Structures are given as C-alpha cells and as structure tokens.
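# Fold and geometry: a report
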Amino acid sequence: MYPEPARPAPAERAVTAHRPAPIPPAIVHPAPVVPVQPDAVPAVASIVLPDGRIVTGYAIDAVRPEPVAAKPAVSRTAVNVALGGVGFLAVCGGLLLLTSFIAALTAFITQLITLAAVIFGGWIAVQVLSASGHRGGTTVNIRRAVIKRNHFHG
C-alpha cells in the first residue's frame with residue numbers, strides 16, 4: 001500500500017567518528033585542614049579477643065543515624081484524592097436529592113392548584129344551578145307601574 005523507502009547501499013554510507021574533547025581539569029583549592037582537639041580525653045578501653053590477645057584503644061561511640069520520621073501507611077496524596085472523591089459523591093447525592101425535592105414540591109403545588117380549581121369551579125356551578133330556587137335575600141315585587149308626567153308612581 002505504501003512505497004518502500006529508498007535506502008542507500010552500505011558502501012554509500014559515510015562513516016564519521018565523534019571523539020569528545022577532554023575537559024581541562026578545573027583548578028580546585030581545597031580547604032585547609034585544621035586539627036580540632038577533643039573537649040575531653042576519651043577513655044581507653046581494652047578488649048580480650050577469644051584467642052587470648054588483648055586489644056587496647058580508645059572507645060568510639062557508635063554513630064547513630066538521625067531518627068527518620070515514621071511515614072504513614074498511606075500517602076497523603078492518596079488520602080486527599082479519596083476525600084475529594086467522597087466529597088464529590090456527597091455533593092452529587094445532595095444535588096440529586098435537591099432536584100428530587102424540587103420535582104416533588106412542583107408536583108404538590110400543581111395538585112393543590114388543580115384541587116382549588118375543581119373546588120372553586122364546583123362552588124360556582126352550585127351557585128349558578130341553584131339560582132332558580134330562591135331562598136332568602138331581598139324580595140322585589142314588580143307591579144304594573146303608572147308613569148304620569150315623567151313621574152313614576154309605583
């Protein structure tokens with residue numbers, strides 16, 4: 001599918017040798033050695049070896065390494081990542097609960113409005129349909145009126 005790359009024959013290749021130049025030695029001035037006298041004369045210790053020889057010399061305190069701070073079993077980065085994940089999940093759960101609460105509240109308010117419309121509409125229907133049987137209120141008797149000279153005589 002793709003053409004083969006053209007490679008030169010081995011005889012055509014030029015051989016070059018790279019020889020690095022040595023770096024000239026830097027002039028180093030070592031710090032002068034100043035002998036330091038010990039504060040107190042160390043105690044002389046003698047040790048008897050198992051073959052009976054006695055070795056005498058100065059006692060040297062063993063060099064104790066500085067105490068290394070104990071590392072926690074789990075790295076702090078891993079703990080921070082885990083806590084961030086827990087916080088993110090808590091926020092997502094809270095948002096899910098919040099949206100569910102808002103949806104439920106919206107449905108509840110819609111049902112209240114629908115119930116109020118049904119009750120109010122039923123009340124209006126009862127008022128309109130029961131108007132034929134008048135019970136109570138002001139009774140007005142209408143008689144034949146006589147109008148003389150622009151005056152109403154009832």
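Residues numbered from 1 in each chain as written. Predicted model: local features only at pLDDT ≥ 70, side-chain atom pairs only at ≥ 80, totals over all residues. Heavy atoms only, no water.

So, about the overall build of the protein chain. Scanning the protein chain from N- to C-terminus turns up one helix and four strands. In the protein chain, the succession of helices and strands from N to C terminus is β-β-α-β-β. Working note: accessible area of the protein chain is about 16,000 Å², and carbon and sulfur atoms make up 67% of it. (Helix = DSSP H or I, 4+ residues; strand = E, 2+ residues; numbered from the N terminus. Areas by Shrake-Rupley, 256 points an atom, 1.4 Å probe, with all protein chains shown as cover.)

Attention shifts here to the pairing of strand E1 (residues 44-48). Counted residue by residue, E1 has zero buried out of five residues, so it is predominantly exposed. Here five bridges tie E1 to strand E2 (residues 54-58), and the two strands are oriented antiparallel to one another. Paired with Val44 across the strands is Tyr58, a residue of E2. Two successive antiparallel strands, E1 and E2, enclose a turn made up of five residues, where Gly52 displays a positive phi of approximately 100 degrees. (Buried < 20%, exposed > 50% of the residue type's maximum accessible area, 1.4 Å probe, protein only. Pairing = 2+ DSSP bridges.)

Next up on the list: the confidence of the model for the protein chain. Mean pLDDT for the protein chain: 76, with 63% of residues reaching 70 or above. Across the protein chain, the secondary-structure element scoring lowest on mean pLDDT is strand E4 (residues 151-153), at 60, and the one scoring highest is helix H1 (residues 76-129), at 90. (pLDDT = per-residue confidence, 0-100.)

Our focus in this paragraph is the packing of aromatic side chains. Any two aromatic rings considered together are summarised by their centre-to-centre distance and by the angle between their planes. The full count for this structure, using the stated rule, is one aromatic pair. Measuring from centroid to centroid gives 6.1 Å for Phe120 and Trp123, while their planes differ by 25 degrees, and the two rings are stacked. Taken together, the positions of Phe120 and Trp123, both in helix H1 and three residues apart, correspond to about one turn of that helix. In this structure, Phe120 and Trp123 share a single accessibility class: exposed. (Phe/Tyr/Trp six-rings, centres within 6.5 Å; stacked < 30°, edge-to-face > 60°.)

For the rest of this paragraph, the subject is a nonpolar patch on the surface. A surface patch of nonpolar side chains, amounting to about 1,200 Å² of accessible area, comprises Val91, Leu95, Leu98, Phe101, Ile102, Leu105, Phe108, Ile109, Leu112, Ile113, Leu115 and Ile119. Within the secondary structure layout, Leu95 lies in helix H1. (Patch = residues over 30% accessible without salt bridge, like charges linked within 9 Å, V, L, I, M, F, W, Y side chains within 5 Å. Salt bridge = Lys/Arg side-chain N within 4 Å of Asp/Glu carboxyl O.)

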